[in-house]
Amino acid sequence: MIQRFFITFVFIVCHVAMQGADTLSVSRRAHLWHSDKPAIIRLAQNQPALKQFLPLDRYTEISVNTTIQNNNSLHYHHQGDTHHTLGGEVVGYHKNDRNTLFGKAAYHRQKEKYIRWSQVEDVHRLGPYIIADSTTGTRDYETYLLSGGLSHQTPAGTLGLSASYRAQSSYRTRDPRSYSIISDFKFTAGWALPVGRSNLAALSVTFGRYDQALNIKSYEEGRTDLIYFMYGFGYYNQNLSGSSDNYSTDYKGNNHALEFQFLPIQEEGWFLNTRYASETIDAAYSHRTRGSYKSTDLILTSGYQWKTPAHQYRISLDATHETGQGTEFYYETFIVDTITATTETQLLSKNQKFHKQYSSLSLKGKGWITNNQWTIIPELKSGILFHSSEYRTTPWKTAINQLIIKPSVGIRKNHQQSISTIDIATAWITATSNKLLVAEDNLIVQKTLLPDFQFRSANKFYTQLEAKHIQTMKNQNAWQIKAGCKLLKARGETATKVWLSLGLVLF
């Protein structure tokens, strides 16, 4: 069913986007769509009302992409050593005088190998309440992403509506075998209003629903596995016997977000972007909530952008603050009738046992320096990172302070019928202080929390190279190719990532 709906949606996106006309060349339009030079493109990703003000009349892109990632041991405990992805994407955008339609459809197949201590997906959204075992396995994924919306100009401002839906299934190919199905839906309503002649103020609100159903079963006769419900170590364990038992957990949650933007319509002036988001996800086993994780995110971006006849510059301050709180639920089963052996399970207590915090503050400067056909794009970002976590039952407590310096440069050449770009970036992440307090060094702590702390607090260096070429064809369409690689070095080891994308931009 999802496959049929997905294919129909792809045709709708292509048809909508290919209507109308545009005065820009195809290669220039393709480059502008992916550029962050106009501040409005950079800040309008989640705001449907701002889509009306993008500096394009229409855009259609069909692309396929692949990624191969080899992490070695440079990853968190729930991630695999290698990761392969193959996917495709269709993007459509069409604007007339007062109305804008936009949509996106994407499909990805993924394979992640040598996963340890995790049977669930979207670990970053579940906090510590994951299901795990010690067996190494491979997981296959299949993901569908559908999103779209519209905006309409009225005398009271521009109104916008959008919705997105992600459906994902994943399964593990070795006992104990897990199978999970994810449903992730979000709906956004936005409003944008001109402020003076050159600025916009925009407000949006988002509501979402998240579900993940996980089932674990072993098929090998005589096999027994110990399944952990984790928050640093298993406080609820279950022996899973082959061919007879299964283990299931449902994750259900709601989320909401509020965003405000103030930005210039053109390429000069002050800009501001703020976002508050909150989500609560409950992990339920046997119809009883075992753990509840509430996360909140605060994001602030503020800066100024100016230009001369040939050049453009931007300076910005970025701040983030994320918190996560985990609450454990404790139950006890009582015998209420000794004759019939009737029992009743009651909630005895719920206590906050887990807390984490992540904060960052960075200053970034970027320029676009143009001389005839050539444009040099230097960028420098520097900032501080702070991460802390606490498991109050183990107990376990960490605090990590880090400094990040990230210089990069882009080189772009504009030909008459094409655009070529090379981007080179490096980054140094250095720990300025680390604190670790652990009172119980059990098996789960050794295999999960300690490796995560060691990787997060390690000094890291990475370098990245990406090349892109957009070429206009005789039929006034264009093709584009993008390829890149990234190397990460830490603790004397190296992780690599390479990617390739081929696309077609339709006129």
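Residues numbered from 1 in each chain as written. Predicted model: local features only at pLDDT ≥ 70, side-chain atom pairs only at ≥ 80, totals over all residues. Heavy atoms only, no water.

Next up on the list: the nonpolar core. Counting 31 residues, the largest nonpolar core has Val120, Leu126, Ile131, Met230, Tyr247, Tyr251 and Trp396 as the members making the most contacts within it. Broken down by secondary-structure element, the contributors of at least two residues to this core are α4 (123-126), β4 (131-132), β8 (199-217), β9 (224-230), β11 (246-264), β12 (269-285), β17 (396-414) and α5 (443-457). Among the elements that line this core, the one with the most residues is α5, at five residues. Apart from the residues lying within four places of it in its own chain, the contact partners of Trp396 are Ser389, Glu390, Tyr391, Leu436, Leu437, Val438, Val445, Leu449, Leu450 and Phe453. Counting residues in each nonpolar core, the second largest holds 11 residues, with Val26, Leu32, Tyr59 and Ala478 among its members. (Core = buried A, V, L, I, M, F, W, Y, C linked by side-chain atoms within 4.5 Å. Buried < 20%, exposed > 50% of the residue type's maximum accessible area, 1.4 Å probe, protein only. Helix = DSSP H or I, 4+ residues; strand = E, 2+ residues; numbered from the N terminus. Contact = heavy atoms within 4.5 Å.)

Mapped onto the elements, Glu279 comes out in strand β12. The exposure class assigned to Glu279 is buried, which follows from its relative accessible area of 10%. Reaching out from Glu279, the side chain makes a polar contact with the side chain of Asn255 at a distance of 3.0 Å. What Glu279 contacts, discounting residues up to four positions off in sequence, is Arg125, Tyr210, Asn254, Asn255, Tyr293, Lys294 and Ser295. (Polar contact = N/O pair within 3.5 Å; in protein donor to acceptor, adjacent residues only side chain to side chain.)

Here Lys353 shows up in strand β15 (residues 342-371). Although Lys353 is buried, it forms no salt bridge, and the closest oppositely charged side chain is Glu328 at an N-O distance of 4.8 Å. Side-chain polar atoms of Lys353 contact the side chain of Tyr330, separated by 3.0 Å. Excluding its chain neighbours within four sequence positions, the residues that come into contact with Lys353 are Gly326, Glu328, Tyr330, Glu390, Tyr391, Arg392 and Thr393. (Lys, Arg positive; Asp, Glu negative; His and termini not counted. Salt bridge = Lys/Arg side-chain N within 4 Å of Asp/Glu carboxyl O.)

This part is about the pairing of strand β3 (residues 99-115). Summarising the sheet, strand β2 (residues 82-95) and β3 pair through 14 bridges and their orientation is antiparallel. Within β3, the residue paired with Lys95 across the bridge is Thr100. Between the antiparallel neighbours β2 and β3 lie three residues. When β3 meets strand β5 (residues 137-154), the two strands line up antiparallel, connected through 15 bridges. Looking at the pairing, Lys104 lines up with Ser147 of β5. (Pairing = 2+ DSSP bridges.)

Mapping Tyr293 onto the fold places it in strand β13 (residues 288-307). In this structure the C-alpha to C-alpha distance between Tyr293 and Gly324, which are 31 residues apart in sequence, comes to 6.9 Å.

Let's shift gears to the packing of aromatic side chains. Each aromatic ring pair is specified by the distance between its two centres and by the angle formed by the two planes. With the rule as written, the count across this model stands at eight aromatic pairs. With 4.8 Å between their ring centres and 55° between their planes, Trp270 and Tyr304 make a pair best called tilted. Of this pair, Trp270 sits in strand β12 while Tyr304 sits in strand β13; the two residues are 34 residues apart in sequence, bridging distant segments of the chain. Residue classification places Trp270 among the exposed positions, given a relative accessible area of 55%. Pairing Tyr293 with Phe354 gives two aromatic rings, centres 6.2 Å apart and planes at 45°, and the pair type is tilted. Taken together, the residues span a long stretch of sequence, with Tyr293 in strand β13 and Phe354 in strand β15 at a distance of 61 residues. With a relative accessible area of 2%, Tyr293 lands in the buried category. One aromatic cluster in this structure is built from Trp270, Tyr304, Trp306 and Tyr313. (Phe/Tyr/Trp six-rings, centres within 6.5 Å; stacked < 30°, edge-to-face > 60°.)

For α5, built from 15 residues, the straight-helix expectation of 21 Å at 1.5 Å per residue is met to within 8% by its first-to-last C-alpha distance of 21 Å. Taking the largest bend as the criterion, α5 deviates by roughly 30°, centred on Leu449, and proline Pro451 comes between one and four positions later. (Expected span 1.5 Å × (residues − 1). Bend = angle between axes of the 7 residues up to and from the residue.)

By secondary structure assignment, the location of Leu86 is in strand β2. With relative accessibility at 55%, the residue Leu86 sits in the exposed group. Sequence separation between Leu86 and Leu500 is 414 residues, and the spatial gap between their C-alpha atoms is 9.8 Å. With residues up to four places along the chain from it excluded, the contact list for Leu86 reads Asn65, Thr66, Tyr107, His108 and Arg109.

Turning our attention to the confidence of the model for the chain. A residue-level look at the chain finds 90% of positions with pLDDT of 70 or above and a mean pLDDT of 86. Within the model, the stretch residues 9-13 combines pLDDT values under 50 with 11 contacts to residues more than four positions away or in other chains. (pLDDT = per-residue confidence, 0-100.)

Residue Asp175 is joined to Pro176 through a cis peptide bond whose omega torsion reads -5°. Note on placement: Pro176 falls in the loop between β6 (157-172) and β7 (177-195). If you check the backbone angles, Asn72 has positive phi at about 55° while not being a glycine. Secondary-structure assignment places Asn72 in the loop between β1 (58-70) and β2. A positive phi angle is found at Asn372, which is not glycine, with a value near 60°. With respect to the helices and strands, the residue Asn372 is situated in the loop between β15 and β16 (374-391).

Here we take up the pattern of salt bridges. A side chain of one charge can pair with a side chain of the opposite charge if their charged atoms are brought near each other. Summed over the entire model, instances satisfying the criterion amount to 17 salt bridges. One salt bridge connects Glu89 with Lys104, and the closest N-O pair in it is separated by 3.7 Å. With Glu89 in strand β2 and Lys104 in strand β3, this residue pair connects regions lying 15 residues apart in the sequence. Overall, Glu89 belongs to the partly exposed group, its relative accessible area being 22%. Given a relative accessible area of 28%, Lys104 falls into the partly exposed group. Glu259 is paired through a salt bridge with Arg275; the nearest N and O atoms lie 2.6 Å apart.

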